[in-house]
Amino acid sequence: MNCKEILVAQLKACHEHDTWFVSIQSALRGLTAELASEKTKNSANSIHEIVNHLIYYNERYLNRFNGITNPKGVESNDDTFTENAHRSWQSTVETIDHIMSEWIISVKDSQEDKLQQWVADLTHLTIHTTYHIGQIVHIRKEQGSWNPSNGVH
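The structure presented is a predicted model; accordingly, all values stated were derived computationally and were not measured.

> Where do I start with the pattern of salt bridges in this structure?
Think of it this way: side chains of opposite charge can pair up when their charged atoms draw near. What the rule picks out here adds up to two salt bridges. With a closest N to O distance of 3.5 Å, Lys39 and Glu49 form a salt bridge. Placement of Lys39 in the loop between helix H3 (33-37) and helix H4 (47-65) and of Glu49 in helix H4 is noted, with a sequence separation of ten residues between them. On the accessibility criterion, Glu49 (16% relative accessible area) is buried. For Glu75, the salt bridge is made with Lys72, and the minimal N-O distance between the two is 3.5 Å. You can call Glu75 exposed: its relative accessible area is 69%. Residue Lys72 is classed as exposed on the basis of its relative accessible area of 69%.

> Just checking my understanding: could you explain H4 for this structure?
Because each turn of an α-helix spans 3.6 residues, side chains separated by three or four positions in sequence point in the same direction. An ideal rise of 1.5 Å per residue puts 27 Å on 19 residues; H4 measures up with 26 Å between its terminal C-alpha atoms. Across the 19 residues that make up H4, a large majority, 15, are buried. Once H4 ends, the next one or two residues include Gly67, with phi positive near 75°.

> I tried to follow the packing of aromatic side chains on my own but got confused; where do I start?
Scanning all chains against the criterion turns up three aromatic pairs. When the ring of Tyr56 is compared with that of Tyr57, the centres are 5.0 Å apart and the planes differ by 85°; the resulting orientation is edge-to-face. Given the relative accessible area of 10%, Tyr56 is considered buried. Between the aromatic rings of Phe65 and Trp103, the centroid separation amounts to 5.3 Å while the plane-to-plane angle is 50°, which identifies the pairing as tilted. Of this pair, Phe65 sits in helix H4 while Trp103 sits in helix H5 (residues 89-108), and the two are 38 residues apart along the sequence. For the residue pair Phe65 and Trp103, the accessibility class agrees, reading buried in each case. Taken together, the aromatic side chains of Phe65, Trp103 and Trp118 make up a single cluster linked through ring pairs.

> Would you take a moment to explain the nonpolar core for this structure?
Within soluble globular proteins, side chains that are nonpolar generally end up buried alongside one another. Ranked by size, the top nonpolar core spans 35 residues in total, and within it Leu28, Ile47, Val51, Trp103, Val107, Leu122 and Ile136 carry the most contacts. For this core, the secondary structure elements donating two or more residues are helix H1 (3-15), helix H2 (24-28), H4, H5 and helix H6 (112-143). Per-element accounting of this core gives the leading share, eight residues, to H6. If we skip the residues at most four places from it in the chain, Val107 touches Lys4, Leu7, Val8, Leu11, Phe65, Leu115 and Leu122.

> I'm lost on H1 in this one. Help?
Over its 13 residues, H1 runs 18 Å from end to end, which matches the ideal 18 Å to within 8%, given 1.5 Å per residue. Turning to H1, its buried residues are Cys3, Leu7, Val8, Leu11, Ala13, Cys14 and His15. Against the buried residues of H1 lie H2, H5 and H6. The residue sitting at the N-terminus of H1 and contributing the capping side-chain oxygen is Asn2; that oxygen lies 3.1 Å from the backbone nitrogen of Lys4.

The rules we used
Residues numbered from 1 in each chain as written. Predicted model: local features only at pLDDT ≥ 70, side-chain atom pairs only at ≥ 80, totals over all residues. Heavy atoms only, no water. Salt bridge = Lys/Arg side-chain N within 4 Å of Asp/Glu carboxyl O. Helix = DSSP H or I, 4+ residues; strand = E, 2+ residues; numbered from the N terminus. Buried < 20%, exposed > 50% of the residue type's maximum accessible area, 1.4 Å probe, protein only. Expected span 1.5 Å × (residues − 1). Phe/Tyr/Trp six-rings, centres within 6.5 Å; stacked < 30°, edge-to-face > 60°. Core = buried A, V, L, I, M, F, W, Y, C linked by side-chain atoms within 4.5 Å. Contact = heavy atoms within 4.5 Å. Polar contact = N/O pair within 3.5 Å; in protein donor to acceptor, adjacent residues only side chain to side chain.

As structure tokens, this is what we get:
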């Protein structure tokens, strides 16, 4: 596999293809707005807040990758969890889905030399996304809203 193929595979695993871990699509499937907003006793953030955080970073890096200037950022990392808190759960799910799809398209359409310049950022971005997918699944298990047939027991 070349660099592009590896990065596309990582992005697809984060977005839509369950591999060693479940994708964001699988982690969010069937989750109600009420459960997405719930904080368990062991979680600092709700699932909705975690997805807002993922939207914030994935979108900003996607914009940079595509040469689009980002608006001014938030004051602190903590603020990324509540950024766009007014957005509905359905809209939040659609937004992360769109951003992850755009990442896959952007990487597929990129030249190898650009990917070589971005490989460290992209691999860290996929690791970051995967970490938070794990948090989402953990919270869903604590809530009793996780179906083990979705891939993680």
